[in-house]
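Geometric and topological summary
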Amino acid sequence: MGESCLDSCDISMKVFESIFERSLCGQPLNQSEVAALLATPPGKPLEDLFAVARAFRERSFGNHVFIYGFIYFSTYCQNYCNFCLYRQCNQSAPRYRKPIEDILDVAKALEDDGAHLLDLTMGEDRFYTQNDGERLLDLVARVREAVAVPLMISPGVINAELLRATAEQGLDWYACYQETFNKRLFSRLRKGQDFHSRLKAKVQAMQAGFLLEEGLLVGVGESSADIGAAIEAMRNLQASQVRAMTFRPQRGTPMANWQAPDSLDELRLIATLRLCFPDKLIPASLDVDGLDGLRARLNAGANVVTSVIPPRHGLAGVSRARVDIEDSQRTVSSVTPVIKGLGLKIAPILTYQQWIKKEKRRFFRQDQTDFRSAQLG
Ligand code: SAM
Ligand code: MD0
Ligand code: SF4
């Protein structure tokens, strides 16, 4: 890329120029620089920010985009997150535990369709975690046996032993989003949950050999200083995939009437994450605005299409539980024209596998104590 990305977009404001130059040299941005990026006004300045984010993406990934299949296999949950449709006792949530045969069918269908990874997600469902997590381990082992693609697990907080045992089944990723690193905001959002236990699970997952996906909710009352602190925390945690998702109000929850946030905020954060983590994976989730929202997210510098869900299996999304699923708008063939229209292409499977291998080598060459010293807030 050299300096061409800066030359190609006529950035008027000096402050942005210096931020872009600093991140191009690999220097971590400070909180006031992050705040400046998050306040980028719409129009030309924002288009410039996106252009720089895309150039950063291109430098690390060329024109390749990755695709993640999403298998929400149990929507039962013991927790009371105020933002989530699936919080315990919410009668409005679609509740199911998918039988293993269905899970295996979906996994194979997604693999055949060309997904680079499958994300096995559940609510914090004791059905799976009781008795040392034997049901979860069995499920993971069966999926591992049935497909060759890399696997991610998103089970919420589970103990170190279960994390180790799932990692030993050959899973690559643990996804667990703090949502915010502001402890007071966290306790308002993730009601009754412990900030440090959630963080600790991630450190333990990495010690067990997982790559980590970390994530932030957008529009839940966070300040730009909170986001600056979160970016620093994600860097300290050494997350390999970092996400931002706009909060979508859910019926039957305490935040059902929360005012919808500005849809540009998530895009600004995606671009800011790209500048801060140029060589990491950044999702463009279909679970926020469906297929309609994909173009803008890729345009802002994301490089992984997540929440691809095949129809006719009765599977739900998270923040958009039903949108675009049964009418086949969340499939590889639906996202392909959007990807191509942006001059991007779906990466070969091998490219994704090599990326994971390289990322793991980077970590596991390091002394494991690095993880222990990751900042626990
Ligand atoms: N239960 C596990 C957990 O909480 O880690 C995994 C599944 S959980 C549903 C995955 C993520 O979805 C949450 O961490 C949150 O970031 C996101 N999410 C949940 N409800 C949302 C909403 N209403 N709007 C946007 N994102 C939401
Ligand atoms: C997504 N609906 O990628 C999924 C989910 C959980 N690891 C991921 C939030 O948007
Ligand atoms: Fe449960 Fe996860 Fe929803 Fe919280 S975000 S209520 S832990 S499914």
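Every value quoted in this text rests on a predicted model; they were computed, and no experiment measured them.

Quick word on the environment of Glu58
By the secondary structure assignment, Glu58 is in helix H4 (residues 44-61). Note: C-alpha distance between Glu58 and Val203 (145 residues apart in sequence) is 30 Å.

Here we look at H4
For an α-helix, the turn length of 3.6 residues means that residues three or four places apart are oriented alike. For H4, spanning 18 residues, the distance from its first C-alpha to its last is 25 Å, which sits close to the expected 26 Å at 1.5 Å a residue. Taken residue by residue, H4 has Pro45, Leu46, Asp48, Leu49, Phe50, Val52, Ala53, Ala55, Phe56, Arg57 and Phe61 as its buried positions.

A closer look at the nonpolar core
By size, the foremost hydrophobic cluster in this structure holds 125 residues, and its most contacted members are Trp173 and Val305. With eight residues, strand S1 (residues 64-74) is the single largest residue contributor to this core.

Notes on a negative patch on the surface
On the surface, Asp132, Glu134, Asp138 and Glu161 cluster together into a patch of negative charge. By residue number, the principal contributor to the negative patch is helix H6 (residues 126-146), which donates three residues. Mapped onto the elements, Asp138 comes out in helix H6.

Some details on the site of ligand 3
What surrounds ligand 3 is the set Tyr72, Cys77, Asn79, Cys81, Phe83, Cys84, Arg87, Gly123 and Arg190. Looking at the shell around ligand 3 residue by residue, the class counts come to five nonpolar, two polar and two charged.

So, the site of ligand 1
Taken together, 20 residues lie around ligand 1, and Phe83, Glu179, Arg190, Arg198 and Arg248 are the ones closest in. One of the side-chain N or O atoms of Gln250 is found 3.1 Å from a nitrogen atom in ligand 1. The fraction of the free accessible surface of ligand 1 (550 Å²) that becomes covered by protein chains is 93%. Elements that contribute at least two residues to the shell around ligand 1 include exactly strand S2 (117-122) and strand S6 (241-246).

A look at the packing of aromatic side chains
Summed over the entire model, instances satisfying the criterion amount to 13 aromatic pairs. Look at Phe73 and Tyr128: their rings are 5.0 Å apart centre to centre, the planes differ by 85°, and that puts the pair in the edge-to-face class. Taken together, the residues span a long stretch of sequence, with Phe73 in strand S1 and Tyr128 in helix H6 at a distance of 55 residues. Residues Trp173 and Trp355 carry aromatic rings whose centres are separated by 6.3 Å and whose planes lie at 5° to one another, so their mutual orientation is stacked. You can see Trp173 sitting in strand S4 (residues 173-175) and its partner Trp355 sitting in helix H15 (residues 349-364), a full 182 residues away along the chain. Three or more aromatic residues joined by ring pairs form one cluster here, namely Phe61, Phe66, Tyr68, Trp173, Tyr352 and Trp355.

Quick notes on the state of the cysteines
Inspection of the entire model under this criterion finds zero disulfides. No disulfide involves Cys176; its sulfur sits 10 Å from the nearest other cysteine sulfur, which is in Cys81. Cys176 sits in the buried class, given a relative accessible area of 2%. No disulfide involves Cys276; its nearest neighbouring cysteine sulfur is the one of Cys25, lying 14 Å away. By relative accessible area, Cys276 is classed as buried at 12%.

Brief notes about the side chain of Thr306
By secondary structure assignment, the location of Thr306 is in strand S8 (residues 304-308). By relative accessible area, Thr306 is classed as buried at 4%. Other than its neighbours up to four places away in sequence, Thr306 contacts Tyr68, Arg243, Pro283, Ala284, Ser285 and Leu286.

Rules behind the numbers
- Residues numbered from 1 in each chain as written.
- Chains lettered and ligands numbered in written order.
- Predicted model: local features only at pLDDT ≥ 70, side-chain atom pairs only at ≥ 80, totals over all residues.
- Heavy atoms only, no water.
- Helix = DSSP H or I, 4+ residues; strand = E, 2+ residues; numbered from the N terminus.
- Expected span 1.5 Å × (residues − 1).
- Buried < 20%, exposed > 50% of the residue type's maximum accessible area, 1.4 Å probe, protein only.
- Core = buried A, V, L, I, M, F, W, Y, C linked by side-chain atoms within 4.5 Å.
- Patch = residues over 30% accessible without salt bridge, like charges linked within 9 Å, V, L, I, M, F, W, Y side chains within 5 Å.
- Areas by Shrake-Rupley, 256 points an atom, 1.4 Å probe, with all protein chains shown as cover.
- Salt bridge = Lys/Arg side-chain N within 4 Å of Asp/Glu carboxyl O.
- Lys, Arg positive; Asp, Glu negative; His and termini not counted.
- Charge placed at Lys NZ, Arg CZ, Asp CG, Glu CD.
- Near = heavy atom within 4 Å.
- Nonpolar A, V, L, I, M, F, W, Y, C, P; charged D, E, K, R; others polar.
- Polar contact = N/O pair within 3.5 Å; in protein donor to acceptor, adjacent residues only side chain to side chain.
- Phe/Tyr/Trp six-rings, centres within 6.5 Å; stacked < 30°, edge-to-face > 60°.
- Disulfide = S-S within 2.5 Å.
- Contact = heavy atoms within 4.5 Å.

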